[in-house]
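One letter stands for each residue in the lines below.
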Amino acid sequence: YLAGLYLLLTGPARARYGWEEPGRTRFQSWSFLGAVGLIFFALNGPLHTLSDSYLFSAHMVQHMLLMIIMPPFLILGIPPWLVRRAIQNPWVKRLAKVLTNPFVAYGLYNVIFIGWHLPPAYNLALSNHAWHIVQH
């Protein structure tokens, strides 16, 4: 869904809504779609099987791909004009300004990261596969 929405907003939706901005560069396309591919790779197939059933180290590789490698590529793939359009709404702009403050972003990242690893949440993820998927 994420890749389809991206392709729609940066392609056909521009013409339909009369947006004059250029669509996306080849680099942006590869970056965003590569990040989506990385999400798919990390959560499906051999790495997922290894991480769920055999190797804790594979599980940690999976998490590092999702938390460190994928996000910058996802962000690099978003055309600046799309971000400008999204923050035209005053409420979205205020929320974006708060969430992109380095201290807030750092704090939220660490609270969420630590929260998922507290024993109740961690044990629930070990015993309930659906909750583990939500965690990812």
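Residues numbered from 1 in each chain as written. Predicted model: local features only at pLDDT ≥ 70, side-chain atom pairs only at ≥ 80, totals over all residues. Heavy atoms only, no water.

**Brief notes about the overall build of the chain**
When its secondary structure is counted, the chain shows ten helices and zero strands. Viewed in the frame of its principal axes, the chain has a C-alpha envelope of about 50 × 35 × 20 Å. In the chain, buried positions account for 24% of the 136 residues. Carbon and sulfur atoms make up 73% of the accessible area of the chain, which amounts to about 9600 Å² in all. (Helix = DSSP H or I, 4+ residues; strand = E, 2+ residues; numbered from the N terminus. Buried < 20%, exposed > 50% of the residue type's maximum accessible area, 1.4 Å probe, protein only. Areas by Shrake-Rupley, 256 points an atom, 1.4 Å probe, with all protein chains shown as cover.)

**Some points on the confidence of the model for the chain**
When pLDDT drops low, the exact placement of atoms in the prediction is not to be read closely. Chain-level statistics for the chain give a pLDDT mean of 88 and a share of 100% at 70 or above. No element of the chain has a lower mean pLDDT than helix α2 (residues 12–16), which averages 79, and none a higher one than helix α7 (residues 90–99), which averages 94. (pLDDT = per-residue confidence, 0-100.)

**Remarks on the side chain of glutamine 28**
Residue placement: glutamine 28 occurs in helix α3 (residues 26–43). Excluding its chain neighbours within four sequence positions, the residues that come into contact with glutamine 28 are Tyr6, Leu76, Gly77, Ile78, Pro79 and Pro80. (Contact = heavy atoms within 4.5 Å.)

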